[in-house]
Amino acid sequence: MKRALVLTGGGDCPGLNAVIRAIVKRAAQEKDWEVIGSIQAFNGVLWEPTEIRILDESAVAGIHYQGGTIIETTNKGGPFAWPIKNRDGEIETVDRSDELIRKLQFLGVEAVINIGGDGSQRISQALFEKGLNIIGVPKTIDNDLSATDATFGFQTAVQISTDAVDKLVTTAASHNRVLIVEVMGRDAGWIALHAAVGGGADICLIPEFPYDINVVLEKVNQRFKRDRGFCIIVIAEGAMPKDGQISLMEKEIQGFANARYGGVALALRQQLVAAGCTHDIRETVLGHLQRGGIPIAYDRVLATQYGVKAFEMILDKEYGRMVAYRHPDILSVPLTEAISTYNTVKESDYLVRAALGVGISFGER
Ligand code: F6P
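Q: Tell me what's going on with the overall build of the protein, and back it up with residues and numbers.
A: Regarding its fold elements, the protein presents 12 helices and 17 strands. At 22 Å, the protein has a C-alpha radius of gyration in line with the 21 Å of a compact globule built from 365 residues. Partitioning the intrachain contacts of the protein with sequence separation of at least 6 by distance along the chain shows that 71% fall at a separation of at least 24. For the protein, the computed accessible surface area is about 16,100 Å², with 49% contributed by carbon and sulfur atoms.

Here is the structure:
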């Protein structure tokens, strides 16, 4: 029996289980392949004792619509930066990549499928350079990976955010308020932009376009006639004012924890008040609601295609590559291409033009 090892790394994302199920079901059509899962990304292989799970058809039955990942995930550390505490109690990182490759050989793993975002695919590329047979599957609700038209989970996050905007419109209108909705998106404002257009928001603030608070206030005031009216602002967690700073809840601890974004809605409210806004303002932070729960059909379908393709790439020995969607095809691209640039919102994107065309302000001018 040949063994394929599957792992999920980085933040969870609706559709991960649909990918795992598709890999396992496609592998079951071959007589000589077995699929195993490493718990919490590569941790399951590196831990002593190891935590590996056999993924057969009964293990993945009916999981295509379940959120989360049945093999768990982590966005801390990894084989190249394994966190340990030194004698002084400080966090240090060590490189365990050689040990990982030895352990995979010992486990009889022929090929690895790493389902993850930008950080995970950087690890895939580095392990490929060390000789590991590895394939990447792109995952992120932020949709910030280049080389693919879409990542699964993104549309579910957009739907959840748009539903939230719809709900907030009715309460904002009833109370004549400004409602600020904070959504995820550290470097890319795709969720915010889609939710703003889909939900009919008035203002959309994203990391790519630093905003001028006076322009934001001007737009807010336009939405009110004296005290009557309401205004919906969608803001991505990585948005910041011109000459301002990103709003962080916690700083990064190398190898141990990523920087935690957040607080941008509250910061915007304070900036609006300081700039002279007299309207009543409330904030809603959607946070991890955007990543939880069942994936919408679009994401399950995309994830299933990614899973089948990933296993077929193993059969074709297409290592060092990542599954990608380039409409209308599902194909593979070199990992190096996948991690070379972020997919961020550009002024030239038609969706930006459409947003401006329906009167949405980016707070820029
Ligand atoms: O990378 C995806 C993402 O959803 C970011 O937009 C967000 O900042 C981050 O994950 C939050 O991750 P966590 O709180 O799980 O560490």
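Q: Give a detailed account of the nonpolar core, specifying residues and quantitative values.
A: Among the nonpolar cores identified, the biggest contains 66 residues, and Ile 115, Val 137, Phe 152 and Ile 314 are the most heavily contacted of them. For Val 137, the contacting residues outside a window of four places in its chain are Val 19, Ile 113, Asn 114, Ile 115, Gly 116, Gln 121, Phe 152, Tyr 306, Ala 310, Met 322 and Val 323. Membership of the second largest hydrophobic core comes to 20 residues, among which are Ile 203, Cys 231, Ala 239 and Cys 277.

Q: An account of the sheet that holds strand β3 (residues 52-54) is requested, with residue identities and associated values reported.
A: The strand order across the open sheet built from seven strands is β3-β2-β1-β6-β7-β16-β17, with neighbouring strands paired in mixed fashion. Strands at the two margins of the open sheet, each flanked by one partner only, are β3 and β17 (329-334). Across this sheet, the average inter-strand angle for adjacent strands is 30°, counted without regard to direction. Here strand β16 (residues 321-326) runs beside β17; their pairing, made up of six bridges, is antiparallel.

Q: Which residues make up the sheet that holds strand β15 (residues 280-285), and what values go with them?
A: Where strands meet in a sheet, backbone hydrogen bonds hold them as pairs that are either parallel or antiparallel. Reading across from one edge, β9-β12-β8-β15 is the order of the four strands in this open sheet, with parallel pairing throughout. Across the chains shown, the open sheet's two edge strands, defined by having one partner strand only, are β9 (203-205) and β15. Averaged over all pairs of adjacent strands, the angle between strand axes in this sheet comes to 20°, irrespective of strand direction. Sheet analysis places strand β8 (residues 177-183) next to β15, joined by six bridges and oriented parallel. Bridging from a neighbouring strand, Val 178 pairs with Ile 281 of β15. Most of the contacts of helix α6 (residues 154-175) go to β8, to which it runs at about 165°, and overall it touches β8, β12 (231-236) and β15.

Q: Mind laying out the pattern of salt bridges, listing which residues take part and the relevant values?
A: Throughout the structure, instances matching the rule amount to 16 salt bridges. When the shortest N-O distance is used, the salt bridge between Arg 26 and Glu 312 registers 2.7 Å. Taken together, the positions of Arg 26 in helix α1 (residues 16-28) and Glu 312 in helix α10 (residues 297-315) put the pair 286 residues apart, joining distant regions of the chain. What makes Glu 312 partly exposed here is its relative accessible area of 30%. Glu 48 serves as the salt-bridge partner of Lys 103, at 2.6 Å between the closest nitrogen and oxygen. In this pair, Lys 103 is assigned in helix α4 (residues 97-106) and Glu 48 in the loop between α2 (43-46) and β3, connecting sequence segments 55 residues apart. Using a relative accessible area of 14% as the deciding quantity, one classes Lys 103 as buried. Members of the salt-bridge network, linked through shared partners, are Arg 26, Glu 30 and Glu 312.

Calculation notes
Residues numbered from 1 in each chain as written. Predicted model: local features only at pLDDT ≥ 70, side-chain atom pairs only at ≥ 80, totals over all residues. Heavy atoms only, no water. Helix = DSSP H or I, 4+ residues; strand = E, 2+ residues; numbered from the N terminus. Rg over C-alpha atoms; globule rule 2.2 N^0.38 Å. Contact = heavy atoms within 4.5 Å. Areas by Shrake-Rupley, 256 points an atom, 1.4 Å probe, with all protein chains shown as cover. Core = buried A, V, L, I, M, F, W, Y, C linked by side-chain atoms within 4.5 Å. Buried < 20%, exposed > 50% of the residue type's maximum accessible area, 1.4 Å probe, protein only. Pairing = 2+ DSSP bridges. Axes fitted to C-alpha atoms, helices over the stretch in contact; angles between N-to-C directions. Salt bridge = Lys/Arg side-chain N within 4 Å of Asp/Glu carboxyl O.

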